[in-house]
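# Summary of structural features
Given next are the chains, with one letter for each unit.
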Amino acid sequence: MADRLDKQLAAQSREVQYCTHCVVSNQRPRTVFNKDGVCNACEYAWQKEHAIDWSAREAELSVLLDAHRSKDGSFDVVVPGSGGKDSGYAAHVLKEKYGMHPLVVTWAPFIYTDIGWKNFNNFISTGFTALSCFQNGVLHRKLARTAFELKGDAWEPFTFGQKAFAFQMALKFNIPLIFYGENGEAEYGGSMKSAFKPFESVEDWDEAYFKGSGVDALAQKGVEMGIFSAGEVLDKTFDLYKAPPLSDIKKLGVQMHWMSYYHKWVPQENFYYAQKHTGFVTNEDGRSEGTYSKYASLDDKTDGFHFYLGFIKFGLGRATRDAMMEIRSGHITREEGVALVRRYDGEFPKKYFKEFLQYLNITEERFWEIVDSYRPPHLWEKINGEWKLKYQVK
Ligand SMILES: [Zn+2]
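Residues numbered from 1 in each chain as written. Predicted model: local features only at pLDDT ≥ 70, side-chain atom pairs only at ≥ 80, totals over all residues. Heavy atoms only, no water.

## What about the overall build of the protein chain?
Broken down by element type, the protein chain carries 18 helices and seven strands. In summary, the protein chain has a C-alpha radius of gyration of 21 Å against a globular reference of 21 Å for 394 residues, a match within 12%. Projected onto its principal axes, the C-alpha positions of the protein chain cover 70 × 55 × 40 Å. Within the span of the protein chain, comprising 394 residues, buried residues form 57% of the whole. Within the protein chain, contacts between residues separated by at least 24 positions form 76% of all contacts whose residues are at least 6 apart in sequence. (Helix = DSSP H or I, 4+ residues; strand = E, 2+ residues; numbered from the N terminus. Rg over C-alpha atoms; globule rule 2.2 N^0.38 Å. Buried < 20%, exposed > 50% of the residue type's maximum accessible area, 1.4 Å probe, protein only. Contact = heavy atoms within 4.5 Å.)

Written as structure tokens, this is what we have:
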């Protein structure tokens, strides 16, 4: 097999340490602890509550938007999003509160869920124009397959386009302002380099999101593995997965901002907001597999596997992700979070398993071979033929 591309796994500490405030551990990439054992995202949450002057941030936002607002009603801000609660919130406040003219750009999920498609339609029916990119149905699958084999995460081609497509469209439509919802690095634990800045540079996001290897490197590995033919990887559609040339971005002066820099970001409150204003609805069958929540990451039938593989590689699943955020925003206690994690984390996403296998064109046997190859020996042990985590949050 070709060499694995993911540099994060090699950097994983062999000693598992949990945050004393939330439920995350140091196994999560780029999560670090202070001397009191508190993770960087919890420290940032404290800043949000006690140190950041939100009215000053609001004033900064007004100045920025005043400089970009169009006078003739033409699009003046690109908002990447799918109609989920966070992008829905960002697009709606930009339009209704600040009088902007957003062009929503959507990098389609691998396989839309019914609820995801419904939310997207509900969202645009509240008065938004969206431009969707449905990726090449052969090449996108092959990228997902390659990423699943080599990085233990089929999700990666999605993250490439989620960033790059917005920049591509900003250039095409001559709109120098891009607004994302949250700075995920600061909010969920990661690089704090841009936590107190309204935007980050293209160089920074390349490092943070592309894990040191872009779509070309991934496709090239796919050729070595026989997933792609040599000709396929020359397809121009891959340009949509890449940032436009830096010189073009600079020429137009494109800036990518986060709403979470200007407005205190509370996912649960975005949920209530989106429910009220953009027609957002939750999972009809209750909670999502692998967690207790009903409103986060609902668009894609494959996302359960992204979270499940995170659980395999880092010992941290979807319930951990939800609980750590709700502890930080004060909606649940650490004790409640621990109980939810112990109950739901790592639950297998069986609902769309068949479709996921078909999408990647792999057998169930191969799926488990890959999954098991990503279990770090310092996190997992096999007892009586069953895989068990060596550590759990307490
Ligand atoms: Zn924490």
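## Side note on the coordination of the zinc ion
Protein coordination at the zinc ion: the donors are C19 (SG), C22 (SG), C39 (SG) and C42 (SG), at 2.3 Å from the metal. Taken together, the four donor atoms coordinating the zinc ion span angles of 103 to 115° at the metal, a pattern that classifies the geometry as tetrahedral. Mapping the donors of the zinc ion onto the primary sequence gives the spacing C-x2-C-x16-C-x2-C. Of this pair, C22 sits in the loop between α1 (7-10) and α2 (40-50) while C42 sits in helix α2, and the two are 20 residues apart along the sequence. C22 gets classed as buried once you look at its relative accessible area, which sits at 0%. The exposure class of C42 is buried, given its relative accessible area of 4%. (Donors = N, O, S within 2.8 Å, 3.2 Å for Na, K, Ca; no water. Tetrahedral: all angles 85-135°; square planar, octahedral: opposite > 155°, others 65-115°.)

## Section: helix α14 (residues 303-314)
Taking 1.5 Å of rise per residue, the twelve residues of α14 would be expected to cover 16 Å, and the 16 Å separating its terminal C-alpha atoms lies within 8% of that figure. In terms of burial, α14 is a largely internal element, eleven of the twelve residues being buried. Taken as a whole, α14 has its buried residues at D303, G304, F305, F307, Y308, L309, G310, F311, I312, K313 and F314. A positive phi of about 75° marks G315, the residue just after α14. (Expected span 1.5 Å × (residues − 1).)

## A few points about the packing of α14 against helix α18 (residues 364-373)
Contact geometry for α14 and α18: axes closest at 9 Å, N-to-C directions at 45°. What the angle tells us is that α14 and α18 run oblique. Here F305, Y308, L309 and I312 of α14 lie close against α18, whose contacting residues are F367, W368 and V371. Class assignment for the residues of the contact of α14 with α18 results in seven nonpolar, no polar and no charged. (Axes fitted to C-alpha atoms, helices over the stretch in contact; angles between N-to-C directions. Parallel < 35°, antiparallel > 145°, perpendicular 65-115°, else oblique. Nonpolar A, V, L, I, M, F, W, Y, C, P; charged D, E, K, R; others polar.)

## Re the packing of aromatic side chains
Evaluation of the coordinates by the stated rule reveals 37 aromatic pairs. Relative to F356, the ring of F305 lies with its centre 4.1 Å away and its plane at 5°, an arrangement referred to as stacked. In this pair, F305 sits in helix α14 while F356 sits in helix α17 (residues 353-360), placing the two residues 51 residues apart along the sequence. Owing to a relative accessible area of 2%, F356 belongs among the buried residues under this scheme. Members of the aromatic cluster, each reached through a chain of ring pairs, are F148, F305, Y308, F311, F348, F353, F356, F367, W368 and W380. Stacked on the ring of W54, the Lys or Arg R57 has its end atom at 5.6 Å from the ring centre. (Phe/Tyr/Trp six-rings, centres within 6.5 Å; stacked < 30°, edge-to-face > 60°. Lys NZ or Arg CZ within 6 Å of the ring centre and 35° of its normal.)

## A short note on unusual backbone geometry
We note that R30 has phi near 70°; this positive angle belongs to a residue other than glycine. Position of R30 among the secondary structure elements: in the loop between α1 and α2. At N361, a residue that is not glycine, the phi angle is positive and equals roughly 60°. Looking at where N361 falls in the secondary structure, it is placed in the loop between α17 and α18.

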